[in-house]
Amino acid sequence: LLAHHDSGNLYFKDDGDRSISEDLQRHFAPGSIAVLAACNVVNEQANGDLLALLNEFGVDAIIGSPFAVDAEFGAEFATSFAAVLKENNQNGNNPTIADLFEAAIRKMEEKYAAKGKGGRAQMAQELIMTGNDALRICPNATNVEVQ
């Protein structure tokens, strides 16, 4: 999910059209993973209710940012993770979510280093994964698109 986030609310373009924790109704299959490219989304102090609710509804691992992210960084995070996932699917690999997370961070670091944006590479190191890091992506998840 690539979205804006503040005070436990997610929104896309218009901050008046927010999705708040109380609106969450979808139950996820056991072993679900949420990759959230949004500001401060894994800051437990500010968003403990949202994180707990996602977990209660079946999300067993969450990857996100404990700090404010701009659109460029959020998009780079989301596309790097999707690219790593796609590469592993195409190669028949079935790594853990921890392995995918680390590979996505390395991919971001490489891209930012090539662009001469070392500070952005360091930001990638501060992304957080919480929950069950031993989860594996379903081998049938082959319809990953990277744009």
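Residues numbered from 1 in each chain as written. Predicted model: local features only at pLDDT ≥ 70, side-chain atom pairs only at ≥ 80, totals over all residues. Heavy atoms only, no water.

Three or more residues of helix α4 (residues 118–125) are buried, namely R120, A121 and A124. Seen along its axis, α4 keeps its buried residues to an arc of 105°; they face one direction. Packed against the buried residues of α4 are α2 (71–90) and α3 (97–114). (Buried < 20%, exposed > 50% of the residue type's maximum accessible area, 1.4 Å probe, protein only. Helix = DSSP H or I, 4+ residues; strand = E, 2+ residues; numbered from the N terminus. Arc of directions from axis to C-beta. Contact = heavy atoms within 4.5 Å.)

Glancing now at the environment of F101. Mapped onto the elements, F101 comes out in helix α3. Under the relative-accessibility criterion, F101 is labelled buried at 9%. When neighbours within four sequence positions are excluded, F101 is seen to be in contact with I63, F81, L127, I128 and M129.

The next thing to look at is the pairing of strand β5 (residues 59–64). Among the 6 residues that make up β5, 5 are buried, leaving the element largely enclosed by the rest of the structure. Pairing geometry for strand β4 (residues 32–36) and β5, over 5 bridges, is parallel. Within the sheet, the bridge partner assigned to S32 lies in β5 and is V59. For β5 and strand β6 (residues 128–131), the ladder comprises 4 bridges, and the chain directions are antiparallel. Among the inter-strand pairings, G64 is bridged to a residue of β6, identified as I128. (Pairing = 2+ DSSP bridges.)

Here the focus is the side chain of R120. The residue R120 is located in helix α4 in this model. Of note is the side chain of R120, whose polar atom sits 2.5 Å from the side chain of D70. Beyond its immediate stretch of four places on either side in the chain, R120 contacts D70, E72, F73 and Y112. (Polar contact = N/O pair within 3.5 Å; in protein donor to acceptor, adjacent residues only side chain to side chain.)

On to the environment of G74, then. Topologically, G74 is positioned in helix α2. Owing to a relative accessible area of 2%, G74 belongs among the buried residues under this scheme. As for G74 and A37, which are separated by 37 residues in sequence, their C-alpha atoms are 5.0 Å apart.

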